[in-house]
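Geometric and topological summary
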Amino acid sequence: MTFSFASSEWKERIRMLLRLPYPSRALRFFPPEFTFRDPVLSLVKRYRSQGKSCGLILLYLEDFHHMFSTYSEPRLCALQGRIRQTILELLPTCFGDKDVIGVRQFALDDYGIFVKEQAVCGFDELQRKAQELQKEVSRRMRLSADAAAQASVSLQSGCYIIGPDLENTSAGIQTAYHYARCIATRKLPSHFCPTREHLLDILKQESIFVLAQPILNLASGELYGWEILTRGPQNSPFHTPAELFDMAYQADLLSRFEFLVIKKAFMEISSRAIQEQVFINVTPVSLGHPLFLHQLLETLKQYPAISASQVVLEITERHAIRDFQYIGAVMKACRAHGFRFAVDDAGAGYSSLQSISELVPDMIKIDRSVIAEIDRMSVKQSLLKALLHFADNMNCKVIAEGVERPEELSMLSEMRVHMVQGFYFARPQPLVTDQERVQQLQLVKEKILGHRHTHPA
């Protein structure tokens, strides 16, 4: 492909650009759009090649879409020029000249400043300077001579640190820009950057652990399988699974955490010689990951004592399934290797009869919100009857989760639910030796059978 320039003006611009010493101040601060390569990106790459971190401060111009549809183009150009000029005037008040790697405009409403790691002592200092800069730029814009044009100008700030762990600088800049903009637009909390770093450290150290809760056959009282449950590090804000996985999703780390849970679960199952069915949670986000099945099979290879037919993947309802056809194809590929599926949280969240019928699971797990007080609420009994009828037509089993009271167990037995789990039988706990499991499960079995004699169906 060849390029031609229609005017001598463009040719002269390029000749001038090629004559500029590199890196020049003109290219370092808000480089012109006609450059062949991004000079700020090159400067950031050069700095990061030394194994150092750098910070990004993003100033976001609020309501620019409204200005764009209201103001004339010359007025908008003048406004943007004034913002750029004000930022450059204020930079020396926050940073030394050698501390700033470069300044560039990402979009019509985003202004980014890259600073070296020695310019700030961690994220808190970077955030403090970002907020000071944002407030002062906004103040000066309001006090500018053209008050009428600047009256509605309001800027917000977000920042992020690009660590040395991410080798690709282009990807690092895009990641930093994405998160900094989400912070500036209040889609993410202001301390998102250190929170994400904490999550990355948990992944690196693999400092999560798994617990197990028994799933029991209600007719016989025998153990059917174990649900694997996750906990984050003790004494951390991510100890509970809700906090851990919700923040992991916001930080685009959910699939990495779920892959780690599978690995930890297989380690425990293998080391404890578990022979029963094992239920492992997986969200539609991770199930739809292009490498999900590959990662699952590679992990399974490391533990030859575990068979794929022993693993039931619970599709949790934390996130809606957007493409049933694609998820169905993934499930079909997994089933070809022997894995089976359960739909979790039926009766709550996004789960519905439609999603169950689309996925055609091997098992349906009824959410605690349906089971709680079911002995006292006829509406819940009717809902459970409908789900049982639905499951019977699809030839799949029903598991009632969250059983906590003997009266709930009695009603579930009367309604002929296939399997149960909940605090009434056992709380989640670490998997133990075979002998200890036998003792624990004998007590659970006696509780079910004893209850049946006390409350015959």
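Coordinates for the structure precede this section.
Below, the structure is looked at part by part. Quantities reported herein were computed from a predicted structural model and do not represent experimental measurements. (Residues numbered from 1 in each chain as written. Predicted model: local features only at pLDDT ≥ 70, side-chain atom pairs only at ≥ 80, totals over all residues. Heavy atoms only, no water.)

1. So, the overall build of the protein chain
- Helix and strand counts for the protein chain stand at 19 helices and twelve strands.
- Residues counted as buried form 50% of the 457 residues belonging to the protein chain.
- Nonlocal contacts in the protein chain, meaning residues at least 24 apart in sequence, comprise 69% of its contacts between residues at least 6 apart.
- Taken as a whole, the protein chain presents about 22700 Å² of accessible surface, with 52% of it coming from carbon and sulfur. (Helix = DSSP H or I, 4+ residues; strand = E, 2+ residues; numbered from the N terminus. Buried < 20%, exposed > 50% of the residue type's maximum accessible area, 1.4 Å probe, protein only. Contact = heavy atoms within 4.5 Å. Areas by Shrake-Rupley, 256 points an atom, 1.4 Å probe, with all protein chains shown as cover.)

2. Considerations on the pairing of strand β7 (residues 277-282)
- In terms of residue burial, β7 counts as a mostly covered element, since six of its six residues are buried.
- Side-chain alternation along β7 places Gln277, Phe279 and Asn281 on one buried face and Val278, Ile280 and Val282 on a second face that is also buried.
- The sheet contact formed by strand β6 (residues 223-231) and β7 spans four bridges and is parallel. Counted as the bridge partner of glutamate 227 is phenylalanine 279 from β7. (Pairing = 2+ DSSP bridges.)

3. Section: the sheet that holds strand β1 (residues 54-61)
- Ordered in space as β2-β3-β1-β4, the four strands form an open sheet in which the pairing is antiparallel. Edge strands, defined here as strands with exactly one partner in the open sheet, are β2 (100-107) and β4 (155-162). Direction aside, the axes of adjacent strands within the sheet are offset by 20° on average.
- Against the sheet, helix α3 (residues 39-48) makes contact with β1, β2, β3 (110-116) and β4, and its axis sits at roughly 140° relative to β2, the strand it touches most. (Axes fitted to C-alpha atoms, helices over the stretch in contact; angles between N-to-C directions.)

4. A few points about helix α11 (residues 254-271)
- Here α11 spans 26 Å end to end across 18 residues, near enough to the 26 Å set by a 1.5 Å rise per residue.
- In the stretch just after α11, alanine 273 is the one whose phi turns positive, near 55°. (Expected span 1.5 Å × (residues − 1).)

5. A look at the packing of aromatic side chains
- Applying the stated criterion to the full structure yields eight aromatic pairs.
- Ring geometry for tyrosine 160 and tyrosine 179: centres 5.4 Å apart, planes at 35°, overall tilted. Of the two residues, tyrosine 160 sits in strand β4 while tyrosine 179 sits in helix α8 (residues 169-184), which places them 19 residues apart along the sequence. Each member of the pair tyrosine 160 and tyrosine 179 is classed as buried.
- Among the aromatic side chains, those forming a connected cluster through ring pairs are Phe106, Phe114 and Tyr177.
- The side chain of arginine 104 reaches across the aromatic face of phenylalanine 106, ending 4.4 Å from its centre. (Phe/Tyr/Trp six-rings, centres within 6.5 Å; stacked < 30°, edge-to-face > 60°. Lys NZ or Arg CZ within 6 Å of the ring centre and 35° of its normal.)

6. Let's talk about the pairing of strand β11 (residues 397-400)
- In the sheet, strand β10 (residues 363-366) pairs with β11 via four bridges, with the strands oriented parallel. Looking at β11, one finds that isoleucine 366 is bridged to alanine 400.
- As paired strands, β11 and strand β12 (residues 419-420) are joined by two bridges and run parallel to one another. Within the sheet, the bridge partner assigned to isoleucine 399 lies in β12 and is methionine 419.

7. Overview of the pattern of salt bridges
- Applying the stated criterion to the full structure yields 24 salt bridges.
- One salt bridge in this structure joins aspartate 110 and arginine 181, with 2.7 Å as the shortest N-O distance. Placement of aspartate 110 in strand β3 and of arginine 181 in helix α8 is noted, with a sequence separation of 71 residues between them.
- For aspartate 110, a relative accessible area of 0% puts it in the buried group.
- Given the relative accessible area of 23%, arginine 181 is considered partly exposed. (Salt bridge = Lys/Arg side-chain N within 4 Å of Asp/Glu carboxyl O.)

8. Here's the deal with the side chain of threonine 86
- As for its position among the elements, threonine 86 is in helix α5 (residues 73-94).
- Look at threonine 86 and you get buried, because its relative accessible area is 0%.
- Setting aside its immediate chain neighbours within four residues, threonine 86 contacts Val137, Arg140 and Met141.

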